[in-house]
Amino acid sequence: MGAAKNLDEQQAGDGATPNLSARDVAILAFERTWWKHAGAKEQAIRDEFGLSAARYYQLLGALIDSPSALAHDPMLVKRLHRVRDARTAARSVRLTSLDD
């Protein structure tokens with residue numbers, strides 16, 4: 001777990017939000033820099049966290065709704081909210097067009 005490896009150093013230096021677990025901070029760090037990993041994001045998730053992509057995204061979705069995550073990295077969390085909202089809107093349009 002590369003992102004979690006430097007977690008103690010990161011938390012010691014930045015006054016990290018105490019309500020976030022080490023895994024939460026590692027997930028946020030991963031989302032901030034996942035594109036630096038070689039290969040597909042799903043494989044990087046499995047390598048980094050030992051989770052399926054589906055489980056990772058469940059955890060990420062809950063995490064970005066947390067006030068602690070917003071306090072920890074507001075720009076990232078707001079960007080992830082925009083991405084999620086855009087996907088939800090696109091899904092809604094697709095479903096509406098199928099009903100017609």
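Residues numbered from 1 in each chain as written. Predicted model: local features only at pLDDT ≥ 70, side-chain atom pairs only at ≥ 80, totals over all residues. Heavy atoms only, no water.

*Asks:* What am I meant to see in the nonpolar core here?
*Replies:* Across soluble globular proteins, nonpolar side chains show a tendency to be buried alongside one another. Within the largest apolar cluster, 19 residues are counted, with the highest numbers of intra-cluster contacts made by I27, L28, F49 and Y56. Of all the secondary-structure elements, those providing two or more residues to this core are α3 (22–33), α4 (41–49), α5 (53–64) and α7 (74–99). Residue contacts for F49: discarding those within four places in its chain leaves A26, I27, F30 and Y56. (Core = buried A, V, L, I, M, F, W, Y, C linked by side-chain atoms within 4.5 Å. Buried < 20%, exposed > 50% of the residue type's maximum accessible area, 1.4 Å probe, protein only. Helix = DSSP H or I, 4+ residues; strand = E, 2+ residues; numbered from the N terminus. Contact = heavy atoms within 4.5 Å.)

*Asks:* Even after reading the chapter, I still don't get the confidence of the model for the protein, so can you show me in this structure?
*Replies:* With 80% of its residues at a pLDDT of 70 or more, the protein has an overall mean of 83. Across the protein, element-level confidence peaks in helix α6 (residues 67–72) with a mean pLDDT of 97 and bottoms out in helix α2 (residues 7–14) with 41. Within the model, pLDDT remains below 50 along residues 1–14, and this stretch shows 14 contacts once partners closer than five positions in the same chain are excluded. (pLDDT = per-residue confidence, 0-100.)

*Asks:* When you look at the pattern of salt bridges in this model, what are you seeing that I'm missing?
*Replies:* Opposite charge on two side chains makes pairing possible when the charged atoms of those side chains draw close. Within this structure, the stated rule accounts for three salt bridges. For E31, the salt bridge goes to K41, with nearest N and O atoms at 2.9 Å. Residue E31 is located in helix α3, and its partner K41 is located in helix α4; the two are separated by ten residues in the primary sequence. Like E31, the residue K41 is buried in the burial classification. (Salt bridge = Lys/Arg side-chain N within 4 Å of Asp/Glu carboxyl O.)

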